[in-house]
Amino acid sequence: GEGNAGAGTPTVLGGTSDVPVGSGAVFPAQQVVVTQPSRGTFKGFSGICTHLGCPLSDVTATINCNCHGSAFSITDGSVVNGPATRPLPGVAVKVDGSNVVLG
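The structure presented is a predicted model; accordingly, all values stated were derived computationally and were not measured.

Side note on the nonpolar core
Piece 1. Judged by nonpolar contacts, Val33, Phe45, Cys49, Cys54, Leu56, Val59, Ile63, Cys65, Phe72, Ile74, Ala84 and Leu88 together constitute the single largest core of twelve residues.
Piece 2. Contact partners of isoleucine 74, with chain neighbours within four places excluded, come to Gly22, Ser23, Thr35, Pro37, Lys43, Phe45, Val59, Thr60, Ala61, Thr62 and Ile63.
Piece 3. Counting residues in hydrophobic clusters, the runner-up holds nine residues, among them Val19, Phe27, Val34 and Val100.

Listed below in structure tokens is the structure:
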């Protein structure tokens with residue numbers, strides 16, 4: 001039980017350099033996707049596809065699920081390509097120094 005919000009060290013997802021501008025990265029351990037749609041703007045989304053719950057595979061110009069081909073916007077998590085019909089839920093992330101952390 002070290003997971004109390006606001007206590008101790010923030011959960012580091014990765015370095016800001018791991019999240020390319022105009023793309024993003026999947027952090028499977030935390031089941032979070034972080035994107036950087038424009039320089040210095042970081043967005044967090046659930047790392048689980050809203051279609052059938054597959055883990056999202058990678059981020060190009062979209063957030064992609066290789067199970068059935070769903071793709072989501074790196075800007076707001078909306079569906080770009082089905083079969084998914086629901087957008088990705090947002091996850092709160094912030095920049096802490098050179099890292100992207102949960103919160």
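A word on the pairing of strand E4 (residues 41–46)
Piece 1. When strand E3 (residues 32–38) meets E4, the two strands line up antiparallel, connected through five bridges. What sits directly across from valine 32, in E4, is serine 46.
Piece 2. If you look at the hairpin formed by E3 and E4, you'll find two residues sitting between the two strands, and glycine 40 has a positive phi there, around 85°.
Piece 3. Across two bridges, the pairing between E4 and strand E9 (residues 90–91) is antiparallel. If you follow phenylalanine 45 over to E9, its bridge partner there is glycine 90.

Quick look at the state of the cysteines
Piece 1. Within this structure, the stated rule accounts for one disulfide.
Piece 2. Unpaired in terms of disulfides, cysteine 49 finds its nearest cysteine sulfur in cysteine 65, a separation of 4.0 Å.
Piece 3. Residue classification places cysteine 49 among the buried residues on the basis of a relative accessible area of 4%.
Piece 4. Assessed through its relative accessible area of 3%, cysteine 65 is described here as buried.

Thresholds, definitions, all that
- Per chain, the residues get numbers from 1 upward, laid out in the order the sequence is written.
- Whole-chain, interface and lining totals are the exception, using all residues; otherwise, since this is a predicted model, local features are given only for residues with pLDDT of at least 70 and side-chain atom pairs are given and counted only at 80 or more.
- To obtain the side-chain values, all non-hydrogen atoms of the structure were used and water was disregarded.
- Side-chain atoms within 4.5 Å link the members of a nonpolar core, which is a set of buried Ala, Val, Leu, Ile, Met, Phe, Trp, Tyr and Cys residues.
- For every residue, the accessible area (1.4 Å probe, protein chains only) is compared with the maximum for its type, and the residue is labelled buried under 20%, exposed over 50%, or partly exposed between those bounds.
- Contact criterion: two residues are considered in contact whenever any of their non-hydrogen atoms come within 4.5 Å of each other.
- Think of it this way: DSSP has to see at least two bridges between two strands before they count as a pair.
- Numbering goes from the N terminus for both helices and strands, where a helix is a DSSP run of H or I of at least four residues and a strand is a run of E of at least two.
- Throughout, disulfides are identified as pairs of cysteine sulfur atoms within 2.5 Å of each other.

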